[in-house]
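Below, each chain spelled out in residue letters.
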Amino acid sequence: MRMTSSTIRKRWSPERDKATPQHRRAAKAAAAVAAGALALSLTACGGADDGNSEPQGNTEETTDNVTLPKLDGTSLEIAAVWTGAEQANFKKVLSEFEKRTGAKVTFVPAQDPIINFIGSKVAGGQPPDIAMLPQPGAIKQAVDRGWAKPLGADALKELGENYSQGWQDIGKVGGKQYGVYYKAANKSLIWYNNQVFENAGASEPETWPDLLKTAQTVYDSGVTPFSVGGAEGWTLTDWFENVYLSQAGPEKYDQLAKHEIKWTDPSVKDALTTLAQVWGKTDYIATGALQTDFPASVTQVFTGGDQPKAAMVAAGDFAQVNIPQNMKVGTDAKVFPFPAVGDNGPVVSGGDAAVILEDSKGAQALATWLASPDAAQIQAKLGGYLSPNKNVPNSAYPNAVQQRIAKALIDAGDDFRFDMSDQAPQAFGGTPGKGEWKILQDFLKNPKDVAGTQQKLEAEAAAAYGG
């Protein structure tokens, strides 16, 4: 599927709230996406208890906008890799479904990669009724293996009424609708320790050269610039995708995502060479990056007072749950958009889709529920969540900033780029210790080997894509 560019030259920040000429030259929808993405990251993913003084959202009960069947005596299972508050909040959404239908829904904790977890369940004859899949590539694999079942008329009706065409299309395989994208994310952000920046006299960068200057300024102050969660390869793919989208542009991004061009393409060489400007400077990255998982990569930026292990971490809006509670977001913990490498800064999105594995009246009803604004607004009120559902009441979000960015995302329509590795076959773009994840981990270890890295990426991609 083709999508329009979701990038602009300059974006909103708290210190720069007025429109600039660059803003005015950019597409209105793209500006909305980027402004919303940054504003989202400045709000509390934990909702109203983040210390912000924004007006609170509507706390009334959800309205009944979706028709669901009576399912007394029906038992369902839904699997996802979500843990902690994210899992707890989602269970409240499932609880409301139970109240409305009489069904019993059990949340099944899954391991990553979830497609392998599902495979083991299918092999054992006990697949969950629905799985929340974080990759379009995983949806395709589930379809190709005969596990996934198409959505029925009721779910399709909800999707058609509540989602833009772009969000519908990424849940399709072979023209049929299999996925309901229940949750969205922004992955083009860099979080930073504000006290470190103030001590160093560093400022928020807007371009890649600015980022390198900021990193040097922070380094000169005695703090390592970057924390990298290299133990989890997906964090490295996010770095690559942001650089590649900005530097090579959206058309090349789409082509590489589909393997229509090879990983030996000069555009990939350029992106890896750019990445090496950070990854190749060992003094710029906190020690033990390849042993640091994602939560630790965030936490270590915001612990240790004014001498943390690192000053910055590239991470999506969801990183906030890993920031210690004593660090107030927007004051102690701040964020800026991933800087522009080329003419435009990147905005890479992700998401989680509900896919039916065991077709039944109950499973179809649960998918229909997850496609409804009623379900999404329950989790929206709890914070740490953004829905691509355009009919979620804006008042459902817990404060004025989140209400604004939710509106911006919806107003942008199809103006976004989905995470590239999530679009790839799981073997290449979504498996720990293999494919792109492992190769980029090796590149983090040896950023001088650009050509060798390209060759390995192409060989693995060709095998995974089937040629």
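A quick note: this is a predicted structure, and the numbers were derived from the prediction, not measured.

Packed helix pairs are specified by the crossing angle of their axes together with the interaxial distance, meaning the distance between the axes. Here helix α6 (residues 153–162) crosses helix α14 (residues 361–370) at 5°, and the two axes come no closer than 8 Å. Relative to α14, the element α6 is oriented roughly parallel. Side by side, α6 and α14 meet where Asp-154, Ala-155 and Glu-158 of the first sit next to Gln-364, Ala-367 and Thr-368 of the second. A class-by-class count of the residues in the contact of α6 with α14 yields two nonpolar, two polar and two charged.

A few words on the nonpolar core. One broad rule of soluble globular proteins: the nonpolar side chains tend to lie buried together. In this structure, Phe-90, Phe-97, Met-132, Leu-366, Trp-369 and Leu-370 are the most contacted members of the largest nonpolar core, which totals 67 residues. In terms of residue count, α14 provides more of this core than any other element does, six residues in total. Residues contacting Leu-370, with those up to four places away along its chain left out, are Ile-78, Phe-90, Val-93, Met-132, Tyr-163, Val-180, Tyr-182, Ala-354 and Ala-375. Residues Ala-215, Val-268, Ala-289 and Val-450 belong to the second largest nonpolar core, which totals 51 residues.

Right, let's get into the environment of Phe-416. Structurally, Phe-416 can be placed in the loop between α16 (400–411) and β12 (417–418). Under the relative-accessibility criterion, Phe-416 is labelled buried at 4%. Measuring from C-alpha to C-alpha, the distance between Phe-416 and Gly-166 comes to 8.5 Å, with 250 residues separating the pair along the chain.

All right, on to empty space enclosed by the protein then. Taken as a whole, this structure holds four cavities of 30 Å³ or more when the rule is applied. For the second largest cavity, the calculated volume is near 50 Å³. Lining the second largest cavity, in full, are Lys-187, Leu-189, Trp-234, Thr-235, Asp-238, Trp-239, Asn-242, Phe-294, Ala-314, Ala-315 and Phe-338. A total of five residues in the lining of the second largest cavity trace back to one element, the largest contributor, which is helix α10 (residues 233–248).

Parameters at a glance
Residues numbered from 1 in each chain as written. Predicted model: local features only at pLDDT ≥ 70, side-chain atom pairs only at ≥ 80, totals over all residues. Heavy atoms only, no water. Axes fitted to C-alpha atoms, helices over the stretch in contact; angles between N-to-C directions. Helix = DSSP H or I, 4+ residues; strand = E, 2+ residues; numbered from the N terminus. Parallel < 35°, antiparallel > 145°, perpendicular 65-115°, else oblique. Contact = heavy atoms within 4.5 Å. Nonpolar A, V, L, I, M, F, W, Y, C, P; charged D, E, K, R; others polar. Core = buried A, V, L, I, M, F, W, Y, C linked by side-chain atoms within 4.5 Å. Buried < 20%, exposed > 50% of the residue type's maximum accessible area, 1.4 Å probe, protein only. 1 Å grid on protein atoms, 1.4 Å probe; cavity = no way out; pocket = protein on both sides within 12 Å on 5 of 7 lines; lining within 4 Å. Points joined across faces, edges and corners; volume = space filled by probe spheres on them.

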